[in-house]
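# Working through the structure, step by step
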2 protein chains.
Amino acid sequence: MTNPSSGRREQIIQAAANLFCARGYEASSMRDIATTLNIEAASLYHHIKSKEEILETICFGMAETFLNGIREVNDIYFNAEERLRMAIQNHVRILTSNLSQSTVFLHEWRSLKGEKLIAFKQLRDQYEKGFRTIVQDGMNEDIFGEVDARFAVLSILSSVNWIAEWYREDGAMSSDEIASRISDFVLGGLRKKLVTDLDYKP
Amino acid sequence: MTNPSSGRREQIIQAAANLFCARGYEASSMRDIATTLNIEAASLYHHIKSKEEILETICFGMAETFLNGIREVNDIYFNAEERLRMAIQNHVRILTSNLSQSTVFLHEWRSLKGEKLIAFKQLRDQYEKGFRTIVQDGMNEDIFGEVDARFAVLSILSSVNWIAEWYREDGAMSSDEIASRISDFVLGGLRKKLVTDLDYKP
DNA sequence: TTTTGTGTCTAACAAACGTTAGGTGAAATG
DNA sequence: CATTTCACCTAACGTTTGTTAGACACAAAA
């Protein structure tokens, strides 16, 4: 391996993510992480600089993954509804394919400090902005009703992010199935549609 | 005061809630809480039994507040849509009127231990069940479309709970305004309504 | 065979943690 | 006035925290 100890490093970060996800960053000790890997706490420091660095790696790594997703979607020339469905599908796929790291990304970023915290919030804002563009486009295209885009996006993202609370890999619904249902819900709402509503889709 | 030191006790719990909300339970020390009140950490123990007890008081106190709300709503004989609007309004009001304790209720209950954790989850399930009843009734009344009630409720609650992330008392929107918008969103969805949709409301 | 590097170990560190014991001074109570 | 009660204090406890220093085992490279 050209990059020294990079394989072990990823193992450590994944083990840490699992612990941070289950108990939270502050409640997880370096000794806890080490025990998971059957080594001593001090041994971790040959692969990582500090506990803080682990959190930063997870948070910024996932932030980039999510951001790449929304950028790809917005580069495609589709209408707003299709793009929103794709963005949601993308989000749910990332979330479910690495649930631990996603949960850390969603919940534990509060423990970032100083400039790292500021930088992270900016990435998060950028992601929201990607969704806002879609909602705004939808309104311009006269597909979506007039809503507060910022407000709508926060509602959408919150629905999608809550998945992390209850999704388990052995569950009945697949990632894409969940995304599809959320999309329907977000687009159509709870209220019953009349057959005369020409825009109605299943 | 008949109950000794109960006034001071509430001050401590509120101060703790503010800290737990800002930095998380594990990251907040007894010395931090004490400093906020301009006393020493040891002095706290004249009013409370342990740090854990503070968290329990906040979590179970708020759980009861939320539960009383949904019970009142479901005791009233209104249709499902009206009851859902009331339940959401109620939820948002509680959330915004004590943002710190609500945030602790939503995020920090993970730090509860043993039987307390189990008991708390049960209360949470009961609250969700209250909402599920409304959604189910709405489907029976043929007001709501056919959806997975459990799924819909989680979406609704997640939207509502995300408020805690961005709501500030000095913000432009009032508590009831937020509740009203979320209700519209949840009921109507994003997609534009045609005028032929007789159920359409603003 | 020697050298170099990598991954882990033991041992220890200073700091921070939740919590307890026992004392002090002021206010309320008799 | 004497006594009790109350809210707080100082000092300290045992534990756990993140992290560092230095040694050892084992591999590949020279």
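### Points about helix α7 (residues 149-161) of chain A
Residues and elements named next belong to chain A. Relative to the 18 Å expected for 13 residues at 1.5 Å per residue, α7 spans 18 Å between its end C-alpha atoms, a close match to the ideal helical length. Of all the 13 residues making up α7, 12 are buried; the element is thus mostly covered by neighbouring parts of the structure. A149, F151, A152, V153, L154, S155, I156, L157, S158, S159, V160 and N161 are the residues of α7 that are buried. The opening residue of α7 is D148, an N-cap whose side-chain oxygen sits 3.1 Å from the backbone nitrogen of R150.

### Things to note about the protein's contact with DNA strand C
In the neighbourhood of DNA strand C, 18 residues make up the surrounding shell, with A:E40, A:S43, A:H46, A:H47 and B:Y45 lying closest. Backbone atoms, meaning sugar and phosphate, make up 53% of the atoms of DNA strand C lying within 4 Å of the protein. At a separation of 3.0 Å, a phosphate oxygen of DNA strand C approaches a polar side-chain atom of A:R8. Between DNA strand C and the protein, one listed contact pairs a phosphate oxygen with a backbone N or O atom of B:K51 at 2.9 Å.

### Side note on the protein's contact with DNA strand D
Near DNA strand D there are 18 residues, and of these A:Y45, A:K51, B:E40, B:S43 and B:H46 occur at the shortest range. Between DNA strand D and the protein, one listed contact pairs a phosphate oxygen with a side-chain N or O atom of B:R8 at 3.0 Å. The class makeup of the residues in the surface near DNA strand D is five nonpolar, eight polar and five charged.

### As for the relation of the copies chain B and chain A
When chain B is fitted to chain A, the residual RMSD is 0.0 Å, and the transformation amounts to a turn of 180° plus an axial shift of 0.0 Å. Given the turn and translation reported, the copies of this chain are related as if by a two-fold rotation axis. It is B:G189 whose C-alpha, among those of chain B, lies nearest the rotation axis, at 1.9 Å. Most of the interface of chain B is mirrored in chain A, where 96% of its interface residues again form contacts.

### Description of the confidence of the model for chain A
Looking at chain A as a whole, the pLDDT averages 90, with 91% of positions reaching at least 70. For residues 1-5 of chain A, every residue scores under 50 in pLDDT, and the model assigns this stretch three contacts once sequence neighbours within four places are set aside.

### Regarding the side chain of B:S175
Residue and element names in this part refer to chain B. Tracing the backbone through its elements, the reader meets S175 in helix α9 (residues 175-188). Taking the relative accessible area as the measure of exposure, S175 reaches 15% and is therefore buried. Each residue touching S175, except ones within four places of it in the same chain, is listed here: V92, R93 and T96.

### What about the interface of chain B and chain A?
Taken together, the 46 residues of chain B in the interface contact 44 residues of chain A. Both faces considered, chain B and chain A share a buried interface measuring about 4,400 Å² in area, 60% of it formed by carbon and sulfur atoms. Here chain B is connected to chain A by four salt bridges. Close ionic contact of A:E165 with B:R110 constitutes a salt bridge, the shortest N to O distance being 3.5 Å.

Calculation rules
Residues numbered from 1 in each chain as written. Chains lettered and ligands numbered in written order. Predicted model: local features only at pLDDT ≥ 70, side-chain atom pairs only at ≥ 80, totals over all residues. Heavy atoms only, no water. Helix = DSSP H or I, 4+ residues; strand = E, 2+ residues; numbered from the N terminus. Expected span 1.5 Å × (residues − 1). Buried < 20%, exposed > 50% of the residue type's maximum accessible area, 1.4 Å probe, protein only. Polar contact = N/O pair within 3.5 Å; in protein donor to acceptor, adjacent residues only side chain to side chain. Near = heavy atom within 4 Å. Nonpolar A, V, L, I, M, F, W, Y, C, P; charged D, E, K, R; others polar. Least-squares fit on C-alpha atoms with pLDDT ≥ 70 in both. Contact = heavy atoms within 4.5 Å. pLDDT = per-residue confidence, 0-100. Buried area = accessible area lost by both parts, 1.4 Å probe. Salt bridge = Lys/Arg side-chain N within 4 Å of Asp/Glu carboxyl O.

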